[in-house]
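# Overview (structure and organization)
Residue-level listing of the chains:
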Amino acid sequence: ATKLAAKIPDMEVYQIELKRQYGMMEWHEDIKIFLRKSAGKGENAVFLFNDSQLKEEGFLEDINNLLNIGEIPNLFPPEEKAEVCELVRAAARAERKAVDGTQTQLFSYFVERCSKMFHIALCFSPIGDGFRNRVRNFPSLVNCCTIDWFSDWPEDALNAVAKRFLASLEIPTDVKD
């Protein structure tokens, strides 16, 4: 559902690819790539992350920071920070956000764009203590998110909704049923 919802407004969907040796270093490299593509290039994007991809609690710490302040502190070393600033220089000038063009102004603009353009879709199971503990330890998972609870629909309800929406379409009856 998230992938479909993201494609409708032409948003890119990013996901991490877990490998055997995937740790914090690989996680940070992936997040940097996603942020550069999204906020750096000015393209709206969705980062889709589910609890089966949670290899380290540090991942949630970073997501908590992204949700709360729009950045992961010290994610970009100075030379990479300068590259990110150059990515947004033209857009910042056009929007009159970095009048002096200093690295501090440009990086603040980049962080602002991260908050606006980089959306995070978290897919966590509410069953068990894990979810409750994560919400308690990382308050932005609740405070900075919209929570949608999904559960299975009865088959008769799914059929009723489908028939209602298909009723006005000119489709042969044998196909509708």
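Our subject is the structure listed above.
My aim in this report is to walk through the structure given alongside it, one point at a time. All values reported here derive from a predicted model rather than from experimental measurement. (Residues numbered from 1 in each chain as written. Predicted model: local features only at pLDDT ≥ 70, side-chain atom pairs only at ≥ 80, totals over all residues. Heavy atoms only, no water.)

### Description of the sheet that holds strand β3 (residues 118–123)
Here is the rule: We call two strands paired when DSSP finds no fewer than two bridges between them. Where helices and strands are cited, they refer to DSSP runs of H or I of at least four residues and of E of at least two residues respectively, numbered from the N terminus. Where helices are involved, their axes are fitted lines through C-alpha atoms of the stretch in contact, as for all axes, and angles between N-to-C directions lie from 0 to 180°. By the convention used here, residues are in contact when the closest approach between their heavy atoms is within 4.5 Å.
Judged by pairing direction, the sheet is parallel, and its 3 strands sit side by side in the order β1-β2-β3 without closing on themselves. Each of the sheet's edge strands pairs with one partner strand only, and the pair in question is β1 (12–14) and β3. Each neighbouring strand pair of the sheet contributes to a mean axis angle of 25°, computed without reference to strand direction. Two strands pair when backbone bridges link them, and β1 and strand β2 (residues 45–50) are joined in this way by 3 bridges, in the parallel orientation. Bridge assignment links Val13 to a residue of β2, and that residue is Val46. Seen against the sheet, helix α3 (residues 57–69) touches β2 and β3 and runs at an angle of roughly 135° to β3. Its contacts with the sheet put helix α5 (residues 103–117) on β2 and β3, and the angle it makes with β3 is roughly 45°.

### Side note on the packing of helix α4 (residues 78–94) against α5
Applied cut-off: If an angle is under 35 degrees, it is roughly parallel; if it is over 145, roughly antiparallel; if it lies from 65 to 115, roughly perpendicular; otherwise it is oblique. Polarity classes work like this: nonpolar for Ala, Val, Leu, Ile, Met, Phe, Trp, Tyr, Cys and Pro, charged for Asp, Glu, Lys and Arg, and polar for all others, with Gly in that last group.
Interaxial distance between α4 and α5 falls to 8 Å at its minimum, and their mutual angle equals 75°. One way to sum up the angle between α4 and α5 is to call them roughly perpendicular. Of the residues in α5, those in contact with Pro78, Lys81, Ala82, Val84, Cys85, Val88, Arg89, Ala91 and Ala92 of α4 are Gln103, Leu106, Phe107, Tyr109, Phe110 and Arg113. Here the contact of α4 with α5 is composed, by residue class, of 11 nonpolar, 1 polar and 3 charged.

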